[in-house]
Amino acid sequence: MDTFNLNFKEGMTVNLVENLLQEFGGEFLDDHQYRYKKGKSKIEFDIYLYWEKFEILLIDFLSDLNFTTSRTTDEDPELLHINLIKNGEINHFFDDKEEYLKADSQKRVLMHNGLFEINNSAPANTRIQTVGFRISKKIIKEIMPEYLEEINTIFPEDTGIAYHTALPAELIILLDDMFKIKESATKPTPLILAKGIEILSKLFDSIISLRKEDDFNGLHIQDYQRLLEIRKKLVNSLDQKIVLNDLAMDFGVSVSKLKRDFKTLFNTSVYQYHLQVKMDEAMRRLKSGEYSILEISLDLGYETPSKFSQMFKKIKGVNPKEILPSK
């Protein structure tokens, strides 16, 4: 499958659109609607710019290409980037393009500031709908000042930081409303603004509640780098038992921070991730027909084939013998 990579400077969406027009084609209508259509591919950006540093972006995306974006920082810590996935799948990658951080259905909100970037990858033939906000702290102070203190706390100006969190259920209906307004309203701009402020207010309320429960944790640049190295170690240690104390010591963090940060990014525990990777590798080897169950169980650190088979069935729902190709 062919891949198209787009490079642009982060900031307001016009930076992205200008590069799309130059590198990919399409049309920019009335300076706020980007449109591209070819065969089954359809890319629509609807940009609603209300102030210099406040815009709402609706994306409806379907491409027959794998589509990646590589960004350079805007170096503007005052400008916040908030993206909510309504439908589809977006993978994120940080620094090393081979290290993908796959979004799942429970982590559909990504918030970060302008001091570093997490780039995106959209898989081919998958319809994606997102609502994005670019909003400065100055605008937050003007239109929703009651949230400014909280925003300043979670986004200090001296460091790059990002948050992955769940999409509150009440926002799903509001995101649907946004796309309905875009399609049907004769004058959508004020309605989109009203709905957008409602979404931001409810999102910020959710964040405040999560912070009170100590369940909203940001990741700095060095956290991403550390977590990717930890994940690499887990993937390369399928025959070993994972000991959290040893892992934390190896990477110079506390066990509590290791557990919290890993869950924040990958939405699972270290142990569950390691086990899932093991079983995925076991499935791959079983399907290949090149390994026996005994060989696989020993390679993955199990004392006996029966213990491996028991765990494989628990995770994958089938007995390993059922996966082996027929001779």
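For the structure, see preceding data.
To start, this report covers the structure provided alongside it. (Residues numbered from 1 in each chain as written. Predicted model: local features only at pLDDT ≥ 70, side-chain atom pairs only at ≥ 80, totals over all residues. Heavy atoms only, no water.)

Remarks on the pairing of strand E5 (residues 54-62)
- Of all the nine residues making up E5, eight are buried; the element is thus mostly covered by neighbouring parts of the structure.
- The pairing of strand E4 (residues 41-51) with E5 spans nine bridges and is antiparallel. Pairing of Trp-51 across the sheet is with Phe-54, part of E5.
- Counted between consecutive antiparallel strands, the loop separating E4 from E5 contains two residues.
- Pairing of E5 with strand E12 (residues 128-136), which is carried by eight bridges, proceeds in the antiparallel orientation. (Buried < 20%, exposed > 50% of the residue type's maximum accessible area, 1.4 Å probe, protein only. Helix = DSSP H or I, 4+ residues; strand = E, 2+ residues; numbered from the N terminus. Pairing = 2+ DSSP bridges.)

Topic: the nonpolar core
- Judged by nonpolar contacts, the single largest core of 39 residues is most densely connected at Phe-54, Ile-56, Ile-82, Leu-84, Met-111, Phe-133 and Phe-204.
- The biggest single contributor to this core is helix H5 (residues 188-212), with eight residues.
- Beyond its immediate chain neighbours, meaning those up to four positions away, Ile-82 contacts Leu-110, Met-111, Val-131, Gly-132, Phe-133, Arg-134, Ile-135, Leu-200, Leu-203 and Phe-204.
- Counting residues in each nonpolar core, the second largest holds 36 residues, with Phe-94, Ala-162, Val-253 and Tyr-273 among its members. (Core = buried A, V, L, I, M, F, W, Y, C linked by side-chain atoms within 4.5 Å. Contact = heavy atoms within 4.5 Å.)

What to know about the sheet that holds strand E14 (residues 219-220)
- The nine strands lie next to each other as E2-E3-E4-E5-E12-E7-E10-E13-E14, forming an open sheet whose pairing is antiparallel. Each edge of the sheet is formed by a strand with only one pairing partner; in this case those strands are strand E2 (27-29) and E14.
- On the sheet, helix H1 (residues 13-23) packs against E2, strand E3 (33-38), E4 and E5 and is oriented at approximately 145 degrees with respect to E4. (Axes fitted to C-alpha atoms, helices over the stretch in contact; angles between N-to-C directions.)

As for H1
- Of all the positions in H1, only Thr-13, Leu-16, Val-17 and Leu-20 are classed as buried. Seen along its axis, H1 keeps its buried residues to an arc of 95 degrees; they face one direction.
- Against strand E1 (3-9), E2, E3, E4, E5 and strand E6 (66-72) lie the buried residues of H1. (Arc of directions from axis to C-beta.)

Remarks on the pattern of salt bridges
- In the structure shown here, the tally under the stated rule is 21 salt bridges.
- Asp-223 is paired through a salt bridge with Arg-226; the nearest N and O atoms lie 3.0 Å apart. Pair noted here: Asp-223 and Arg-226 are both in helix H6 (residues 221-235), with a separation of three residues, about one helical turn.
- The exposure class assigned to Asp-223 is buried, which follows from its relative accessible area of 3%.
- The partner of Glu-281 in a salt bridge is Arg-284, and the shortest N-O contact between them spans 2.7 Å. Here Arg-284 and Glu-281 lie together in helix H9 (residues 270-288), a separation of three residues that amounts to about one turn.
- Arg-284 sits in the partly exposed class, given a relative accessible area of 46%.
- Ionic contacts of the salt-bridge type, sharing partners, join the residues Arg-35, Glu-44, Asp-46, Lys-182 and Glu-183 into one network. (Salt bridge = Lys/Arg side-chain N within 4 Å of Asp/Glu carboxyl O.)

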